Each structure stands twice: as structure tokens, then as C-alpha cells.
Amino acid sequence: MTDPHLPGVIGERRQLINLGYRLLGSLAEEDLVQETYARWYALSERQRREVAAPGAWLTTVASRICSARLAPGGNVMWANGFRSR
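Within an unreviewed UniProt entry, the label attached to the protein chain reads RNA polymerase sigma-70 region 2 domain-containing protein, and the organism entered is Nocardia vinacea.

Structure follows, in C-alpha cells:
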């Protein structure tokens, strides 16, 4: 079964890349987008259908991933991999 939210989810890619660049200040935004999408598709079909605004969900998750990476003891992703803080 195809994800009915697929066009909207894929359409958020540019926004997620921009968010990652603004918050992380590095070129790690593509990894952020991949991790965000991985979390979306880790949800069951039923859970994804229950999300009223997929774009808002993706933005929230991406923001939380960025916050976790920037937190003391978190990992900051650089273009060449992870660097522990």
C-alpha cells in the first residue's frame, strides 16, 4: 500500500534541509533529512494516517534531532561524519 502522505512528505525536503542548515550551521542537513524520514517510516501505517499535519510532524522531529545534536554530550554531524561534543 502506498503512503497517502508521500507527496507532502517528500515536498517538505527543502524545508527540512533549510532548517538543518540554520540550526546546525553545517552541511549535515541531508543526514538530518534522512534521519527524519527514517523516523516517519518507522511509524506504522496507522500512526502515519493519524498525523493530521505531516509537514508539521516532520519539522518538529527534525528540530528535536538538531537540538539533541547540539546539546552538551550530543553529537554534532559534520559533512565528514560525527564529532562528539
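Next comes the rest of the write-up.
Taking 1.5 Å of rise per residue, the 14 residues of helix H3 (residues 29-42) would be expected to cover 20 Å, and the 20 Å separating its terminal C-alpha atoms lies within 8% of that figure. Inspection of H3 places Glu 29, Leu 32, Val 33, Thr 36, Tyr 37 and Trp 40 among the buried residues, and these make up the whole buried set. One face of H3 carries all of its buried residues, which in axial projection span an arc of 130°.

Once that is clear, we can look at the packing of aromatic side chains. In this structure the tally under the stated criterion is one aromatic pair. Each ring, one from Trp 40 and one from Trp 57, has its centre 5.3 Å from the other, and the planes form 65°; the classification is edge-to-face. Of this pair, Trp 40 sits in helix H3 while Trp 57 is found in helix H5 (residues 54-70), placing the two residues 17 residues apart along the sequence. Taking relative accessible area as the criterion, Trp 40 reaches 0% and is therefore assigned buried. According to the relative accessible area criterion, Trp 57 is partly exposed, its value standing at 22%.

Looking now at the pattern of salt bridges. By the definition in use, this model includes four salt bridges. Residue Arg 39 pairs with Glu 35 through a salt bridge whose shortest N-O separation is 2.9 Å. Remark: Glu 35 and Arg 39 occur in helix H3; sequence separation between them is four residues, near one turn of the helix. In this structure, the salt-bridge partner of Arg 69 is Glu 35, at a minimum N-O distance of 2.7 Å. Of the two residues, Arg 69 sits in helix H5 while Glu 35 sits in helix H3, which places them 34 residues apart along the sequence. Assessed through its relative accessible area of 5%, Arg 69 is described here as buried. What emerges from the salt-bridge pattern is a single network uniting Glu 35, Arg 39 and Arg 69.

A separate point is the packing of helix H2 (residues 13-24) against H5. Running from N to C, H2 and H5 point in directions that differ by 25°, and their axes come no closer than 10 Å. Regarding the angle of H2 to H5, the classification is roughly parallel. As for how H2 packs across H5, the hand of that crossing is right-handed. Between H2, through Gln 15, Leu 16, Leu 19, Gly 20, Leu 23 and Leu 24, and H5, the contact on the second element is made entirely by Leu 58, Thr 59, Ala 62, Ser 63, Cys 66, Arg 69 and Leu 70.

Scoring rules and cut-offs
Residues numbered from 1 in each chain as written. Predicted model: local features only at pLDDT ≥ 70, side-chain atom pairs only at ≥ 80, totals over all residues. Heavy atoms only, no water. Helix = DSSP H or I, 4+ residues; strand = E, 2+ residues; numbered from the N terminus. Expected span 1.5 Å × (residues − 1). Buried < 20%, exposed > 50% of the residue type's maximum accessible area, 1.4 Å probe, protein only. Arc of directions from axis to C-beta. Phe/Tyr/Trp six-rings, centres within 6.5 Å; stacked < 30°, edge-to-face > 60°. Salt bridge = Lys/Arg side-chain N within 4 Å of Asp/Glu carboxyl O. Axes fitted to C-alpha atoms, helices over the stretch in contact; angles between N-to-C directions. Parallel < 35°, antiparallel > 145°, perpendicular 65-115°, else oblique. Left-handed = near helix turned anticlockwise from the far one by under 90°. Contact = heavy atoms within 4.5 Å.

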